[in-house]
Amino acid sequence: MSSGTPTHCPYCALQCGMVVGRDLATGGGQVRVAPRSDVPAGAGGLCQKGWTAADLLTTADRLTTPLMRVHAGAPLEPCTWDAALDRIAAEIERLRAAYGPDAVAVFGGGGLTNEKAYQLGKFARVGLRTANIDYNGRFCMSSAAAALNRAFGMDRGLPMPITDLETADAILLVGGNVAETMPPFMRHLAAQRAGGGQLIVIDPRTTPTARRADLHLRPTPGTDLALANGLLHIAVNEGLIDETYIAARTRGFDAVRTAVNSYWPGRVERITGVPVPQLRRAVWLLAGETGETRGRSGDHTALVLTARGAEQHADGTDTVTAYINLALALGLPGLPGSGYGCLTGQGNGQGGREHGQKADQLPGYRKIDDPVARAHVAAVWDVEPAAIPGPGRSAYELLVSLGTRDGPKALLLFGSNPVVSAPHAAAVEERLDALEFLVVADFVPSETALRADVVLPTTQWAEESGTITNLEGRVLRRERAVPPPPGVRGDLAVLAALAGRLNAPGTWSGEPAEVFDELRRASAGGLADYSGITYERIAAEGGVFWPCPGEGHPGTPRPFLERFATPDGRARFTPVEHRGAVEDVCADYPLYLTTGRVLAHYQSGAQTRRVDQLNKAAPEPYVELHPDVAERLGIAAGALVRVTSRRGSALVRARPTDAIRPDTVFVPFHWAGTGRANLLTNPALDPLSRMPEFKVCAVRLEAV
Ligand SMILES: Nc1nc2c(c(=O)[nH]1)N[C@H]1C(S)=C(S)[C@@H](COP(=O)(O)OP(=O)(O)OC[C@H]3O[C@@H](n4cnc5c(=O)[nH]c(N)nc54)[C@H](O)[C@@H]3O)O[C@H]1N2
Ligand SMILES: Nc1nc2c(c(=O)[nH]1)N[C@H]1C(S)=C(S)[C@@H](COP(=O)(O)OP(=O)(O)OC[C@H]3O[C@@H](n4cnc5c(=O)[nH]c(N)nc54)[C@H](O)[C@@H]3O)O[C@H]1N2
Ligand code: SF4
Ligand SMILES: [Mo]
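Residues numbered from 1 in each chain as written. Chains lettered and ligands numbered in written order. Predicted model: local features only at pLDDT ≥ 70, side-chain atom pairs only at ≥ 80, totals over all residues. Heavy atoms only, no water.

### Some thoughts on the side chain of threonine 209
Along the chain, threonine 209 turns up in helix α7 (residues 208–211). Its relative accessible area of 0% is what places threonine 209 among the buried residues. Reaching out from threonine 209, the side chain makes a polar contact with the backbone nitrogen of valine 178 at a distance of 3.2 Å. One polar contact links the side chain of threonine 209 to the main-chain amide nitrogen of alanine 179, over a distance of 2.9 Å. Residues contacting threonine 209, with those up to four places away along its chain left out, are Leu173, Gly176, Asn177, Val178, Ala179, Met186 and Val201. (Helix = DSSP H or I, 4+ residues; strand = E, 2+ residues; numbered from the N terminus. Buried < 20%, exposed > 50% of the residue type's maximum accessible area, 1.4 Å probe, protein only. Polar contact = N/O pair within 3.5 Å; in protein donor to acceptor, adjacent residues only side chain to side chain. Contact = heavy atoms within 4.5 Å.)

Set out below in structure tokens:
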């Protein structure tokens, strides 16, 4: 590669640094990527997905012209941008006139840049005047976000630079398989271990991450809350809690102390399947009382981290709360190098949840029902506060309301592929088909795009600029490295053009830098205050941590050192009780199904299933099952298996392995068609976060 443009990977929240340039050796100047060593989160590494990211720029079925169906049932055919945008504006006007503004809905994604997420939220409220906007982050980290807000008054996934992990004496990782979902993350864990730190992993499967742990707890899916309460019970009874910290920095511990009283170790072993000695060892390691952890500075440092395994449950918010309670009782949050963190997932999973594409939110992590927030944002948008709609439906509730009598009749979708990734996907497909009008903006014909009435071809990561906020809360810059193919437009320009056709008030730009300046003003004074962050500063400083309320402000790598973001500065304990899986196993559905990810594929697979090398590495959907279960059911390795839940069946290949509990099976969710894990999943929602129960439902298996 001759030289290149510094940017970041298009995929996960680690946002590894990349240089993107042309490979002159290949004559044709093929676009290539190489890792950057100046981005701390990625630690100079890239995973297989990152290394092959440029392949998708020139994928054979890349969308390069708008597509439209002349009428329902007609094929998608190429059309001009004017025809596509005019048609969209006309349909919006028609449906608004017939049913009111809430008849048009918007669905966004946590992969969108901050600028796009901001402009999409503004477009919904100002351009469409609809309350109905939500996004796939609801399926991702919403339970952790709700728990973080409740305990600390602020939702910053990691309240510290990721390199703090390297000096932790103990790390408890709950429901995260970072060896596959963020491979370079393992470099931080390796550094931690090299320094004598201990790693505890809680996962029903012996994943590549769990294999690297000093202690692996293997609970039944859906029992993490009881597990956390049980760990806290032991900490209380064995004198491991930090009473001084609890008195100085928290509120509400007594109710939690009482609540965990009934989680005695024998009971927790019965609920979770984790033996009592393992429970005790986990607490003692975390509390630094075993002599096994180094306590390198004299002070013990420890971190509790959760990811989707703990969070994607109908009790996900309370489960995360239980782990926060544990961290607080041990005196960890807010101490340098210690604390609680949630591992954000999508490329802009953190920033995407801060700037207003969520149903109940305005930019700067403001609440849409807060009059002061509405007045501030209305002034930036040049509208009356009363013109901003109220909160809308959450992602799954929005998707299953589509085309119903009171639900939206049109949907504009940017950055998600719910036909594959939404829970109870068959129900969602049915609702998408019931719409009068579906618009999808994407760079590939995803399974959802193929159902649309209008498809808009957009630019990809290497072809555009903007900002993303990584899992540390560090705002980074994505840089345009190559020109987009002719015929393709950026999402910002598309939204600006539509706003113009709809005569939306205010100013609308297709330029990321201009949109970012507006976002800075809209976020000023909010929890996620970006007002002091500029493109120039990000470049000069290698990223800026929010909140950053002024250009002279250094940014905030560790927001909770002095106080938490609650009104009185203290963290809140909340007592929580074990509820278990919404759908328990029974004679007809005797196994727990859990779902998740594999190294080679990303999310719905719309992107990675188009990359040869990744397809070769993971060609088809499969089910991991215990060899004893396989034998009992007469299922041979590699055989086609029908997995059936109360919602439907999926056809996948059998992969027997003793890395999974005998009561549990695992199906990754990256494939479309009949192998979709989401034909099976339970859309039961968490009452606070509205997160679906992706991680546990009851199924049966049959050889086909
Ligand atoms: N390769 C790859 N990497 C990705 C992504 C991808 O699609 N592919 N997506 C990105 C995104 S958006 C996200 S959100 C992250 C997700 O990152 P992770 O949370 O690490 O990924 P998952 O595989 O969904 O779930 C992690 C683990 O939870 C375990 N688990 C299942 N049920 C339970 C349970 O009840 N309790 C506990 N304790 N564990 C359970 C599973 O066995 C699994 O190993 O990954 C990001 N990185
Ligand atoms: N069973 C099960 N289901 C799950 C999960 C699970 O663990 N188990 N995890 C859930 C989680 S954590 C997540 S995050 C979701 C993710 O699932 P999805 O929301 O489906 O995410 P992606 O597959 O990343 O879809 C992104 C789509 O938008 C396109 N795209 C990417 N960037 C842009 C952009 O900038 N602009 C536009 N216009 N398009 C873009 C991509 O090509 C792709 O088609 O899946 C959820 N579903
Ligand atoms: S770990 Fe995540 S950010 Fe890094 S290269 Fe892989 S997908 Fe990209
Ligand atoms: Mo996610």
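### Let's talk about the site of ligand 1
Taken together, 33 residues are adjacent to ligand 1, and Asp203, Asp224, Arg597, His601 and Gln603 come closest. Separating an oxygen atom of ligand 1 from a side-chain N or O atom of aspartate 203 is a distance of 2.7 Å. Within the backbone of glutamine 603, a nitrogen or oxygen atom sits 2.6 Å from an oxygen atom of ligand 1. If ligand 1 stood free it would expose 920 Å²; the protein chains cover 99% of that surface. Most atoms of ligand 1, that is more than half of them, are within 2 Å of grid points of the second largest cavity. At the level of elements, α5 (178–181), α13 (308–311) and β23 (591–596) are the ones that each hand at least two residues to the shell around ligand 1. (Near = heavy atom within 4 Å. Areas by Shrake-Rupley, 256 points an atom, 1.4 Å probe, with all protein chains shown as cover. 1 Å grid on protein atoms, 1.4 Å probe; cavity = no way out; pocket = protein on both sides within 12 Å on 5 of 7 lines; lining within 4 Å. Sits in = over half its atoms within 2 Å of the grid points.)

### Here's the deal with the layout of surface pockets
Estimates place the volume of the largest pocket at around 530 Å³. If you trace the largest pocket, you find 27 residues lining it, with Ala146, Asn149, Lys358, Asp360 and Lys367 closest to the centre. Those elements that place two or more of their residues in the lining of the largest pocket are α4 (142–152) and β15 (366–367). Residue contributions to the lining of the largest pocket peak at five residues, all from α4. The residue inventory of the lining of the largest pocket, partitioned by class, reads 10 nonpolar, seven polar and 10 charged. (Points joined across faces, edges and corners; volume = space filled by probe spheres on them. Nonpolar A, V, L, I, M, F, W, Y, C, P; charged D, E, K, R; others polar.)

### Focus: the pairing of strand β28 (residues 682–685)
Neither face of β28 is open: one carries Asn682 and Ala684, the other Pro683 and Leu685, and all of them are buried. In the sheet, β28 pairs with strand β29 (residues 692–693) via two bridges, with the strands oriented antiparallel. Counterpart to leucine 685 in the pairing with β29 is proline 692. In sequence, β28 turns back onto β29 through a hairpin of six residues, with arginine 690 there showing a positive phi of about 65 degrees. (Pairing = 2+ DSSP bridges.)

### Remarks on α4
By the criterion of burial, α4 is predominantly enclosed, with eight of the 11 residues buried. Buried-residue contacts for α4 involve α13, α14 (316–329), β13 (339–342) and β22 (571–572). Count one or two residues on from α4 and you reach glycine 153, which has phi positive near 75 degrees.

### With respect to the site of ligand 3
Taken together, Cys9, Tyr11, Cys12, Gln15, Cys16, Leu46, Cys47, Lys49, Gly50, Met182, Pro183 and Pro184 are the residues near ligand 3. Classifying every residue of the shell around ligand 3 by side-chain character gives nine nonpolar, two polar and one charged. When residues of the shell around ligand 3 are assigned to domains, at least three map to each of domain 1 (5–58) and domain 3 (142–343). (Domains from an automatic or database assignment.)

### Examining the sheet that holds strand β8 (residues 170–174)
Taken in spatial order, the five strands line up as β10-β9-β8-β12-β13 in an open sheet, and their pairing is parallel. Looking at strand neighbours, the two that pair on one side only are β10 (215–217) and β13, the edges of this open sheet. Strand-to-strand twist across the sheet, computed as the mean angle between neighbouring axes with direction ignored, equals 15 degrees. (Axes fitted to C-alpha atoms, helices over the stretch in contact; angles between N-to-C directions.)

### Regarding the packing of helix α3 (residues 114–128) against helix α20 (residues 512–523)
Between α3 and α20, the shortest axis-to-axis distance is 9 Å and the interhelical angle comes to 70 degrees. Classified by the angle between their axes, α3 and α20 sit roughly perpendicular to one another. Read as a crossing pair, α3 and α20 show a hand that is left-handed. Side by side, α3 and α20 meet where Asn114, Glu115, Tyr118, Gln119 and Lys122 of the first sit next to Pro512, Val515, Phe516, Glu518, Leu519 and Ala522 of the second. When grouped by side-chain class, the residues that make up the contact of α3 with α20 number six nonpolar, two polar and three charged. (Parallel < 35°, antiparallel > 145°, perpendicular 65-115°, else oblique. Left-handed = near helix turned anticlockwise from the far one by under 90°.)

### Comments concerning the nonpolar core
Grouped together as the largest cluster of nonpolar side chains are 120 residues, with contacts concentrated most on Phe152, Leu172 and Tyr340. If you tally residues by element for this core, the top one is helix α8 (residues 224–237), at nine residues. Per-domain counts for this core show at least three residues from each of domain 2 (67–140 + 348–545) and domain 3 (142–343). Of all hydrophobic cores here, the second largest spans 41 residues; its members include Ala13, Val31, Leu173 and Ala210. (Core = buried A, V, L, I, M, F, W, Y, C linked by side-chain atoms within 4.5 Å.)

### Focus: the packing of aromatic side chains
Scanning the model with the defined rule gives 11 aromatic pairs in all. Considering the side-chain rings of phenylalanine 123 and tryptophan 508, the 6.3 Å spacing of their centres and the 85 degrees angle between planes classify their relative orientation as edge-to-face. Taken together, the residues span a long stretch of sequence, with phenylalanine 123 in helix α3 and tryptophan 508 in the loop between α19 (491–501) and α20 at a distance of 385 residues. Note on accessibility: phenylalanine 123 and tryptophan 508 belong to one class, buried. Each member of the aromatic cluster is reached from another via a ring pair, and the members are Phe107, Phe139 and Phe694. Above the face of the tyrosine 263 ring, arginine 267 is positioned so that its terminal group lies 4.6 Å from the ring centre. (Phe/Tyr/Trp six-rings, centres within 6.5 Å; stacked < 30°, edge-to-face > 60°. Lys NZ or Arg CZ within 6 Å of the ring centre and 35° of its normal.)

### Overview of empty space enclosed by the protein
Under the counting rule described, the total for this entry stands at four cavities of 30 Å³ or more. For the largest cavity, the calculated volume is near 760 Å³. Contributing to the lining of the largest cavity are 41 residues, with Asn136, Gln346, Gly415, Tyr602 and Gln607 lying nearest its centre. The residue makeup of the lining of the largest cavity, split by class, is 14 nonpolar, 20 polar and seven charged. Shared between two domains, the lining of the largest cavity takes at least three residues from each, and those domains are domain 2 (67–140 + 348–545) and domain 4 (591–703). Reported here for the second largest cavity is a volume of approximately 540 Å³. Taken together, 38 residues make up the lining of the second largest cavity; nearest its centre are Gly175, Asn177, Thr181, Arg308 and Arg597. Taken together, the elements giving at least two residues each to the lining of the second largest cavity come down to α5, α13 and β23. In the lining of the second largest cavity, the residues fall into 14 nonpolar, 16 polar and eight charged.

### A closer look at the domain arrangement of the chain
Once the domains are mapped, the chain shows domain 1 (5–58), domain 2 (67–140 + 348–545), domain 3 (142–343) and domain 4 (591–703). On a C-alpha basis, the centroid separation for the pair domain 3 and domain 4 is 27 Å. Between domain 3 and domain 4, the contact holds 29 residues from the first and 25 residues from the second. Contact with domain 4 buries area across many residues of domain 3, yet Arg205, Gln312 and Ala314 alone supply 32% of it, more than any other trio. (Buried area = accessible area lost by both parts, 1.4 Å probe.)

### Structural notes on the packing of α3 against α19
Between α3 and α19, the least distance of the axes is 10 Å, while the angle of their chain directions is 20 degrees. By the criterion of interaxial angle, the relationship of α3 to α19 is roughly parallel. Handedness of the crossing formed by α3 with α19: left-handed. Note on element contacts: α19 touches α3 through Asp491, Leu492, Leu495, Ala496, Leu498 and Ala499, opposite Glu115, Lys116, Gln119, Leu120 and Phe123. A class-by-class count of the residues in the contact of α3 with α19 yields seven nonpolar, one polar and three charged.

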